[in-house]
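# Structural overview
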Amino acid sequence: MANVCLMSLSGIPYECDVNLAGIKTLYLTDWNNVESVTVEGDTISTIAMKDTMKFKKYVFAKNTGSLTKTMTKDDSKGTRYFLNEFTCNFNKMNEYKRVELNELAAGQIAGIVEDMNGIYWYLGKDNYATATAVTGQSGATTDDGNFYALTIQDMSGALPYPIDASAVASVIE
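## A few points about the pattern of salt bridges
On inspection of all chains with the given rule, the structure shows 5 salt bridges. The closest approach of N and O atoms between Lys24 and Glu114, which form a salt bridge, is 3.6 Å. On the criterion of sequence distance, the pair formed by Lys24 in strand S1 (residues 23-30) and Glu114 in strand S7 (residues 109-115) is long-range, its members being 90 residues apart. Overall, Lys24 belongs to the partly exposed group, its relative accessible area being 44%.

Structure representation (C-alpha cells):
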C-alpha cells in the first residue's frame, strides 16, 4: 500500500535540561501591519513590518499566561489544523484596559509569545489570530482577583513557528 503523504521522521531525543512552564511576554499588533514572514528551515528568520509599525508589549499577571496547541484531524473529511490558543489575565479592571481589550476584540491580530524557556512563538502566520474571549471579574471577597481574562486564538495548518530572537528584536517596542 503506497503512502500518499511521505514523512521524514527523525525521532525526538530525551532532554534533561531545564524546562520551565508558562509565558513570559506577549507582543501584539494589527495583522495588517505585518508585510511578510519568512520561514527558513522550521524557524521564522525575518518579520517585515509596514512603515515603522511594531509589535506592542502586553504585561499580564505573573503565572497566568499560557499557550496551548491542539491538533484537530478528521481523515474522513481530509482536514487537519491546529488551534493555537493564548490566555492570560490583566490585573485590576480599569478604563485603559477596557478600551484596549475592546480594540483587540474587534481586530485581526498577529502575536509573538515568549515562553519561560526564552523561545518566541508566532501567532497569525497562515491567517490572522483573533481575541475570542474577554472576561472581566471584580471578585467577591478581598482575596478574589480583580482582572480581565483574555483569550487569543490562531487557527493554522501547523503548530506555531519558533522565531529567531534576532528577528524579534527588530519588530518589538
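Let us keep going from here.
## A few points about helix H1 (residues 95-106)
Here H1 spans 17 Å end to end across 12 residues, near enough to the 16 Å set by a 1.5 Å rise per residue. Taking the backbone nitrogen of Tyr96 as reference, a side-chain oxygen 3.2 Å away marks Asn94 as the first, capping residue of H1.

## A look at the environment of Ser156
Checked against the element boundaries, Ser156 lands in strand S10 (residues 147-156). With 76 residues separating them along the chain, Ser156 and Arg80 place their C-alpha atoms 9.1 Å apart. When neighbours within four sequence positions are excluded, Ser156 is seen to be in contact with Tyr81, Phe82, Asn84 and Asp126. Only 2.6 Å separates the side chain of Ser156 from the side chain of Asp126, close enough to count as a polar contact. Side-chain polar atoms of Ser156 contact the backbone oxygen of Ala158, separated by 3.2 Å.

## Notes on the sheet that holds strand S6 (residues 79-91)
In a beta sheet, neighbouring strands pair by backbone hydrogen bonds and run either parallel or antiparallel. Read across the sheet, 4 strands follow the order S5-S6-S10-S9 without closing on themselves; strand pairing throughout is antiparallel. A strand with exactly one partner marks an edge of an open sheet, and here the two such strands are strand S5 (66-74) and strand S9 (130-137). Taken pair by pair, the neighbouring strands of this sheet meet at an average axis angle of 20 degrees, ignoring direction. Across 7 bridges, the pairing between S9 and S10 is antiparallel. Bridge pairing in S10 places Val134 opposite Leu150. Contacts from H1 reach S6, S9 and S10 within the one sheet, and its direction differs from that of S10 by about 20 degrees.

Scoring rules and cut-offs
Residues numbered from 1 in each chain as written. Predicted model: local features only at pLDDT ≥ 70, side-chain atom pairs only at ≥ 80, totals over all residues. Heavy atoms only, no water. Salt bridge = Lys/Arg side-chain N within 4 Å of Asp/Glu carboxyl O. Helix = DSSP H or I, 4+ residues; strand = E, 2+ residues; numbered from the N terminus. Buried < 20%, exposed > 50% of the residue type's maximum accessible area, 1.4 Å probe, protein only. Expected span 1.5 Å × (residues − 1). Polar contact = N/O pair within 3.5 Å; in protein donor to acceptor, adjacent residues only side chain to side chain. Contact = heavy atoms within 4.5 Å. Pairing = 2+ DSSP bridges. Axes fitted to C-alpha atoms, helices over the stretch in contact; angles between N-to-C directions.

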